[in-house]
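The chain contents come next:
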Amino acid sequence: MEFQKKVLCIGAGYVGGPTMAVIASKCPEVKVVVADINARRIADWQSADLPIYEPGLDAVVKTAIGRNLFFTTDVSSAIAEADIIFVSVNTPTKTFGIGAGKASDLQYWEKTARQIRECSHSDKIVVEKSTLPVRTAEAMERILNANAEHVHFDVLSNPEFLAEGTAIQDLLNPDRVLIGGPETDRGRAAVEEVAALYAHWVPRERILTTNVWSSELSKLTANAFLAQRISSINSIAALCEETGANVEEVAHAIGMDKRIGPKFLHASIGFGGSCFQKDILNLVYLCEHFGLPEVAAYWEQVVSMNAHQRTRFVSNMIAKMFNTIVGKRIALFGFAFKADTGDTRETPALYVTRELVEERAHVVVTDPKALENARRDLADLPQDLVTYEPDPYKAAEGAHAIAIMTEWRQYKELDYRRIYASMEKPAFLFDGRNILDVDALYDIGFSVYPIGRPGKSRL
Ligand code: UDX
Ligand code: UDX
C-alpha cells in the first residue's frame, strides 16, 4: 500500500510507543515507524508481551501493527524515508559537569539530531516530544541546518502531556495538543502538517499553536504546577498530623472552590515518575542561568518538600516501631511510582527502601507489575536485606510492619484479617497513599498510621 505520509518516532519508550500506536490507529493512511537503538525493546514491541504495562495499549497496538505501525532498530533507513520525525529519546538529569543534578542531559538528543542530519536526503519536519530546556529547538535547528545544502529542517515542539497508567485515554481524549513552531510561512506550514495528524481525532479547538519557546516552557510549567499542588498538600499533611486536622477533609474543602479545583490534592508519600522532579530541576537551572535566583529557589522548594515527605514517613515508621527497626521484616506493598504502571523511575518506594535498609531492616517488596524493575533498581543493596515476593500475603508473613507505597486497587481489597494473623505482633500498618480504612484495620488489631489524618494506635 502507498502511504500518504511517513512518520517516524525515534525512542520507543513510555512516551514514544503509546503515542505512535495511537497516531497509527487513528491515521490509517499514514505509515508510522517507531525506531529505537535498544534491540530488546523493539523485539518486545513486536511480541505479545509489550515492554511497558499500560491499560488499553495492547488493543491499540494490535489494531495497527503490521498495517501502518512498524517497529525497527534501523534508525538510519527510517530517517531517510520519513516526512515527519518525532524525537522521544530520554533526557535524564545530568549527573556530571556543569548543571549536574539539575540540567538535562542532552547527549542523546544531540546525537539523534546529528544522525537525522546525516541520513536525510529530503526536507524533514523534526518534532521535539522529549521534554527539553527552553530554546533547545533553536539549538537543534542550528545543528540540523548546518552543512545541510539541499535539505531543510523545520524544528517544532510538541510536548506530550500523557500520564502513565492513563496514557491511552489521555492520548485519545487530550485536554489539549500543543504545537510550537517558528513564526514564518515555512514554520506555520510545518505546524499545520503535524496538527493535521492530530485533527484525525482531536477537535480543532483543542489543538493549540504557539511559538516554539512558549510550547517548550508550557510543558515544564504544567509539570511544575502539578507537582507544586502535591508538595503543597503534603506540607499541609505534616501540619495536620501535628494538629489533629484531617488532610482529606481539608483537600475536599479547598477543592470545592472552583478556583482551586479538586484534582491533584491527594496527600501521599510524595510524587515520583520520570518527569516531575526532572522538569522542575530543569526549570530551576534555567532560572539560575538567566539570573533569577529567587525564582529558582521558589521552584526548588517543591522538590525539597517532596524529599522531606519521604524522609518524614520513614522517620515516623522508626519512631512508632520503638525507635529501632534493626532486623525487623517490613513489607512494602507496591513499588511502582503510581498504580497501573510498572514504571519505577523516581518512585518514592526506592528512597524508602534505601532508608529502611540503611537502618538494617529486612525489606520485602511486592508489586503486581514492577517487581522486575524493582530488582534492577535495588541490585546494589545487600541482597540478604531485600526480598522480592509477588504475593502480598506471603510478603506480609512474619512482618512487623506493612507500608503501602503504591495505590494499587488490589491492596484495598486484601483480606487484612488473614494478613494480621500471619504477622509479628504488635502489627503496624503505615499507609503512604491513604487508601485503607483506618477504623476497620484498627478493629482487626493493627496500629494504623496514614498520611495527614489521625492514625489509631493500640500501644
Ligand atoms: C522520554 C523522556 O524521559 C521524557 O523527558 C520525554 O518527555 C519523553 O521521552 P520516556 O519515553 O518515558 O520519556 O523514556 P524512555 O522510556 O526511557 O524511552 C526513551 C527511549 O529512547 C529508550 O527506549 C531508548 O532506548 C531510546 N533511545 C535513547 C534511542 O533510541 N536513541 C538514543 O540515542 C537514546
Ligand atoms: C505527569 C503529568 O501528569 C503528565 O501530564 C506529564 O506528561 C508527565 O508527568 P505521570 O508522572 O505519568 O504524569 O503521573 P501523574 O499522574 O502526574 O503522577 C505523578 C506522581 O504524583 C505519582 O507518583 C503520583 O502518585 C503522585 N500524585 C499524583 C500524588 O502524590 N498526589 C496526587 O494528588 C496526584
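Please read all numbers here as calculations on a predicted model, not as lab measurements.

Draft legend 1. Seen up close, the overall build of the protein. For the protein, the helix and strand inventory stands at 17 helices and 14 strands. If you line up the protein on its principal axes, its C-alpha atoms span 75 × 50 × 45 Å. When each of the 459 residues of the protein is scored for burial, the buried share is 53%. Residue pairs in contact within the protein that sit at least 24 positions apart in sequence constitute 73% of those at least 6 positions apart. Here the protein displays about 20,400 Å² of accessible surface, and carbon together with sulfur accounts for 52% of that area. With 50 positive and 60 negative side-chain charges, the protein shows a separation of 2 Å between the mean positions of the two kinds.

Draft legend 2. Quick look at the packing of helix α1 (residues 16–26) against helix α3 (residues 57–64). Two elements in contact, α1 and α3, have axes whose closest approach is 8 Å; the angle formed by their N-to-C orientations is 50 degrees. The orientation of α1 relative to α3 falls into the category oblique. By crossing handedness, the relation of α1 to α3 is classed as left-handed. The segment α1 lies against α3, with Pro 18, Ala 21, Val 22, Ala 24 and Ser 25 engaging Leu 57, Val 60, Val 61 and Ala 64. Within the contact of α1 with α3, the residues separate by chemical class into eight nonpolar, one polar and no charged.

Draft legend 3. Quick peek at the site of ligand 2. In the vicinity of ligand 2 there are 20 residues, among which Phe 161, Glu 164, Ser 268, Phe 337 and Arg 433 approach most closely. Between Lys 338 and ligand 2, the recorded distance is 2.8 Å, taken from a side-chain N or O atom to an oxygen atom. When ligand 2 is considered free in solution it has 660 Å² of accessible area, and contact with the protein chains removes 91% of it. With four residues, helix α9 (residues 212–243) is the largest single contributor of residues to the shell around ligand 2. For the shell around ligand 2, the residue count by class is eleven nonpolar, four polar and five charged.

Draft legend 4. Structural context of the nonpolar core. Formed by 43 residues in total, the largest nonpolar core has its most connected members in Leu 69, Phe 86, Ile 179, Val 194 and Tyr 198. Per-element accounting of this core gives the leading share, six residues, to helix α8 (residues 185–198). In contact with Phe 86, not counting residues within four places along its chain, are Val 7, Leu 8, Cys 9, Ile 10, Met 20, Ile 23, Val 127, Lys 129, Asn 158, Val 194, Leu 197 and Tyr 198. One finds Ile 233, Leu 265, Ala 267 and Phe 430 within the second-largest nonpolar core, a separate group that totals 39 residues.

Draft legend 5. Region of interest: the state of the cysteines. The full count for this structure, using the stated rule, is zero disulfides. Of all cysteine sulfurs in the structure, the one in Cys 9 sits closest to Cys 119, which takes part in no disulfide; the separation is 16 Å. Owing to a relative accessible area of 15%, Cys 119 belongs among the buried residues under this scheme. No disulfide involves Cys 287; its nearest neighbouring cysteine sulfur is the one of Cys 275, lying 18 Å away. What makes Cys 287 buried here is its relative accessible area of 9%.

Draft legend 6. Summary view of the sheet that holds strand β11 (residues 386–388). The six strands lie next to each other as β11-β10-β9-β12-β13-β14, forming an open sheet whose pairing is parallel. Both edges of this open sheet fall to β11 and β14 (447–449), since each of them pairs with a single strand only. Averaged over all pairs of adjacent strands, the angle between their axes in this sheet comes to 20 degrees, without regard to strand direction. Pairing of strand β12 (residues 401–404) with strand β13 (residues 428–431), which is carried by four bridges, proceeds in the parallel orientation. In the sheet register, Ala 403 faces β13, and the bridge partner there is Phe 430. Sitting on the sheet, helix α12 (residues 293–320) is in contact with β9 (329–333), β12, β13 and β14, with an inclination near 165 degrees to β13.

Draft legend 7. Here's a closer look at α12. Relative to the 40 Å expected for 28 residues at 1.5 Å per residue, α12 spans 39 Å between its end C-alpha atoms, a close match to the ideal helical length. The first or second residue beyond α12 is Phe 322, which carries a positive phi of 65 degrees.

Draft legend 8. Structural context of the site of ligand 1. Close contacts around ligand 1 come from 21 residues, with Val 15, Asp 36, Arg 41, Lys 278 and Arg 345 the closest. In the model, an oxygen atom of ligand 1 is placed 2.9 Å from a nitrogen or oxygen of the Val 15 main chain. In the model, an oxygen atom of ligand 1 is placed 2.8 Å from a nitrogen or oxygen of the Arg 41 side chain. Here ligand 1, which alone exposes 690 Å², has 92% of that area covered by the protein. With three residues, helix α5 (residues 107–119) is the largest single contributor of residues to the shell around ligand 1. The residue inventory of the shell around ligand 1, partitioned by class, reads six nonpolar, nine polar and six charged.

Calculation rules
- Residues numbered from 1 in each chain as written.
- Chains lettered and ligands numbered in written order.
- Predicted model: local features only at pLDDT ≥ 70, side-chain atom pairs only at ≥ 80, totals over all residues.
- Heavy atoms only, no water.
- Helix = DSSP H or I, 4+ residues; strand = E, 2+ residues; numbered from the N terminus.
- Buried < 20%, exposed > 50% of the residue type's maximum accessible area, 1.4 Å probe, protein only.
- Contact = heavy atoms within 4.5 Å.
- Areas by Shrake-Rupley, 256 points an atom, 1.4 Å probe, with all protein chains shown as cover.
- Lys, Arg positive; Asp, Glu negative; His and termini not counted.
- Charge placed at Lys NZ, Arg CZ, Asp CG, Glu CD.
- Axes fitted to C-alpha atoms, helices over the stretch in contact; angles between N-to-C directions.
- Parallel < 35°, antiparallel > 145°, perpendicular 65-115°, else oblique.
- Left-handed = near helix turned anticlockwise from the far one by under 90°.
- Nonpolar A, V, L, I, M, F, W, Y, C, P; charged D, E, K, R; others polar.
- Near = heavy atom within 4 Å.
- Polar contact = N/O pair within 3.5 Å; in protein donor to acceptor, adjacent residues only side chain to side chain.
- Core = buried A, V, L, I, M, F, W, Y, C linked by side-chain atoms within 4.5 Å.
- Disulfide = S-S within 2.5 Å.
- Pairing = 2+ DSSP bridges.
- Expected span 1.5 Å × (residues − 1).

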